[in-house]
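The residues making up each chain are set out below.
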Amino acid sequence: MAALVAQGMTNRQIASALARSPRTVDGHIENILAKLGFGSRTQLAIWWAENQAPTP
């Protein structure tokens, strides 16, 4: 889900892409932010970009 946030997708778009309810996605994103100690989706997107292994 972090990858989809990093792509700029909204929770509603993520829900549609993953065939989940928007409420479910909201909860998952909030849990991810809390576990990483982030206060915004932007911080999550930056973290995701910085922690991806380079593709060959």
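Residues numbered from 1 in each chain as written. Predicted model: local features only at pLDDT ≥ 70, side-chain atom pairs only at ≥ 80, totals over all residues. Heavy atoms only, no water.

Draft legend 1. Examining unusual backbone geometry more closely. In this structure, Ala19 is a non-glycine residue whose phi angle is positive, near 55°. Looking at where Ala19 falls in the secondary structure, it is placed in the loop between helix H2 (11-18) and helix H3 (22-36). (Helix = DSSP H or I, 4+ residues; strand = E, 2+ residues; numbered from the N terminus.)

Draft legend 2. Quick look at the packing of H3 against helix H4 (residues 41-50). In the contact formed by H3 and H4, the axes pass within 10 Å of each other and the chain directions differ by 70°. Between H3 and H4, the interaxial angle falls into the category roughly perpendicular. For the pair H3 and H4, the contacting residues are Ile29, Ile32, Leu33 and Leu36 in the first and Arg41, Leu44 and Trp47 in the second. In terms of residue class, the contact of H3 with H4 is built from six nonpolar, no polar and one charged. (Axes fitted to C-alpha atoms, helices over the stretch in contact; angles between N-to-C directions. Parallel < 35°, antiparallel > 145°, perpendicular 65-115°, else oblique. Contact = heavy atoms within 4.5 Å. Nonpolar A, V, L, I, M, F, W, Y, C, P; charged D, E, K, R; others polar.)

Draft legend 3. Region of the structure containing H3. For H3, built from 15 residues, the straight-helix expectation of 21 Å at 1.5 Å per residue is met to within 8% by its first-to-last C-alpha distance of 21 Å. Within the span of H3, buried status applies to Val25, Ile29 and Leu33. In an axial view of H3, the angular spread of the buried residues amounts to 70°, which keeps them on one side of the axis. Residues of H3 that are exposed and point over 90 degrees away from its buried face: Arg23, Glu30, Ala34 and Lys35. Turning to H3, the residues buried within the fold contact helix H1 (2-6), H2 and H4. Once H3 ends, the next one or two residues include Gly37, with phi positive near 75°. (Expected span 1.5 Å × (residues − 1). Buried < 20%, exposed > 50% of the residue type's maximum accessible area, 1.4 Å probe, protein only. Arc of directions from axis to C-beta.)

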